[in-house]
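# Overview (structure and organization)
Residue strings, one per chain:
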Amino acid sequence: MLPDDAADKPPLGPVFVENPDGSLVQGVPPGYQEITPPSTPRREAFDPSLPLSADVIQALARHELLFLALLLLQLVVEVMFETMHITYREDAIFELSLIYLSVPPPVLRTLYWFAIFAECLYTGAFLTLGVMAAFRGKPKLYQRFSAVALVGTLGQLPLAYLNRFNLLIFFLRFISYAYGCFQRNLLYGIGLITQDLVFL
């Protein structure tokens, strides 16, 4: 039995009554209306402003920091070796004239300076593209950087004919190529996962 004060109050919402056969029946007071449920938000397209989890952002930041450290190391090594090549250019040209007896020294000197100029130009483009890729965080820029790094890695091989092949620079460029590919794939994968989560 209900207390007297509870029997006097009308029910505020629906009442469920159990029939003798065990089924439930809903009883509602006159004029009662169901509350409309909240609408489900639907996103039609990928929203790049969606927040990523803190772990993903931390991992991306760590990889970008490592990538920039690799570029800084590359800059230091390139500057040191190019300074050394310029400082000892006369000795290097003399050694080249002993190897290539049929080539006159002025031609060797021109080729040597051309190699120095090409290396400096390449290093500037390589590092600029790498820094742009790291700060913008676009997979397309990492793809371009990786292509340039691969060209520079393979471009070290012909420099052996000018006695300028450097194994350290070769491996640093190859590591930069591999890390650029890794960063591109990482960003591309995160973009795909985020898009998949949006459409679930």
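Bear in mind that the values here come from a model prediction, so they are computed numbers and not experimental data. (Residues numbered from 1 in each chain as written. Predicted model: local features only at pLDDT ≥ 70, side-chain atom pairs only at ≥ 80, totals over all residues. Heavy atoms only, no water.)

This brings us to the nonpolar core. Inside soluble globular proteins, nonpolar side chains tend to come together where they are buried. In this structure, Phe-67, Leu-71, Phe-126, Tyr-142 and Phe-145 are the most contacted members of the largest nonpolar core, which totals 20 residues. Going through the elements one at a time, helix 2 (54-87), helix 4 (105-136), helix 5 (139-155) and helix 6 (167-199) are the ones with two or more residues in this core. Here this core gets 6 residues from one element, more than from any other, and that element is helix 4. Counting 9 residues, the second largest nonpolar core, distinct from the first, contains Leu-108, Ala-115, Ile-116 and Leu-162. (Core = buried A, V, L, I, M, F, W, Y, C linked by side-chain atoms within 4.5 Å. Buried < 20%, exposed > 50% of the residue type's maximum accessible area, 1.4 Å probe, protein only. Helix = DSSP H or I, 4+ residues; strand = E, 2+ residues; numbered from the N terminus.)

Once that is clear, we can look at the packing of helix 2 against helix 4. At a minimum axis distance of 10 Å, the contact between helix 2 and helix 4 shows a crossing angle of 165 degrees. Classified by the angle between their axes, helix 2 and helix 4 sit roughly antiparallel to one another. Here helix 2 and helix 4 pass one another in a crossing that is left-handed. In this structure, helix 2 uses Glu-64, Phe-67, Leu-68, Leu-71, Gln-74, Leu-75, Glu-78, Glu-82, His-85 and Ile-86 to contact helix 4, whose residues at the interface are Tyr-112, Trp-113, Ile-116, Glu-119, Cys-120, Thr-123, Phe-126, Leu-127, Gly-130, Val-131, Ala-134 and Phe-135. (Axes fitted to C-alpha atoms, helices over the stretch in contact; angles between N-to-C directions. Parallel < 35°, antiparallel > 145°, perpendicular 65-115°, else oblique. Left-handed = near helix turned anticlockwise from the far one by under 90°. Contact = heavy atoms within 4.5 Å.)

Considering every residue of the chain, the mean pLDDT works out to 83; 82% of them sit at 70 or more. Low pLDDT, under 50, characterises residues 43-47; the predicted model gives this stretch 10 contacts beyond four residues in sequence or across chains. The model gives residues 196-200 a pLDDT under 50, and that stretch makes 8 contacts with residues more than four places away or in other chains. (pLDDT = per-residue confidence, 0-100.)

For helix 3 (residues 89-99), the full list of buried residues reads Ala-92, Ile-93, Leu-96 and Ser-97. Projected onto a plane normal to the axis of helix 3, the buried residues spread over an arc of 140 degrees and lie on a single side. Facing away from the buried surface of helix 3 by more than 90 degrees, the exposed residues are Phe-94 and Leu-98. On its buried face, helix 3 is in contact with helix 4. (Arc of directions from axis to C-beta.)

For the rest of this paragraph, the subject is the packing of helix 3 against helix 4. Where helix 3 contacts helix 4, the axes come no closer than 10 Å and their chain directions differ by 125 degrees. Classified by the angle between their axes, helix 3 and helix 4 sit oblique to one another. Crossing geometry of helix 3 relative to helix 4 is assigned as right-handed. Every residue of helix 4 that contacts helix 3 at Arg-89, Glu-90, Ala-92, Ile-93, Leu-96 and Ser-97 is listed here: Pro-105, Leu-108, Arg-109, Tyr-112 and Trp-113.

Further remarks concern the side chain of Thr-123. The residue Thr-123 is located in helix 4 in this model. On the accessibility criterion, Thr-123 (9% relative accessible area) is buried.

Here Ala-125 is to be found in helix 4. Taking the relative accessible area as the measure of exposure, Ala-125 reaches 44% and is therefore partly exposed. Spatially, the C-alpha atom of Ala-125 lies 8.5 Å from that of Val-148, the residues being 23 residues apart in sequence.

Per the stated rule, a full pass over the model turns up 3 salt bridges. With its nearest N and O atoms 2.8 Å apart, the salt bridge here joins Arg-173 to Glu-78. You can see Arg-173 sitting in helix 6 and its partner Glu-78 sitting in helix 2, a full 95 residues away along the chain. Its relative accessible area of 3% is what places Glu-78 among the buried residues. With a closest N to O distance of 3.2 Å, Arg-109 and Glu-90 form a salt bridge. Pair noted here: Arg-109 is in helix 4 and Glu-90 is in helix 3, with a separation of 19 residues, a long-range link. (Salt bridge = Lys/Arg side-chain N within 4 Å of Asp/Glu carboxyl O.)

A separate point is the pairing of strand 2 (residues 24-27). Pairing geometry for strand 1 (residues 15-18) and strand 2, over 4 bridges, is antiparallel. Considered in strand 2, the bridge of Val-15 is made with Gly-27. Linking two consecutive strands that pair antiparallel, namely strand 1 and strand 2, is a turn of 5 residues; a positive phi of about 100 degrees is found at Gly-22 within it. (Pairing = 2+ DSSP bridges.)

A few words on the packing of aromatic side chains. Under the defined criterion, the tally for this structure stands at 8 aromatic pairs. With a centroid separation of 5.6 Å and an interplanar angle of 25 degrees, the aromatic rings of Tyr-122 and Phe-126 are classed as stacked. You can see Tyr-122 and its partner Phe-126 sitting in helix 4, 4 residues apart, about one turn around the helix. Judged on exposure class, the residue Tyr-122 and its partner Phe-126 are both buried. Among the aromatic side chains, those forming a connected cluster through ring pairs are Phe-67, Tyr-122, Phe-126, Tyr-142, Phe-145, Tyr-179 and Phe-182. Over the aromatic face of Tyr-188 sits the side chain of Arg-184, whose NZ or CZ is 5.6 Å from the ring centroid. (Phe/Tyr/Trp six-rings, centres within 6.5 Å; stacked < 30°, edge-to-face > 60°. Lys NZ or Arg CZ within 6 Å of the ring centre and 35° of its normal.)

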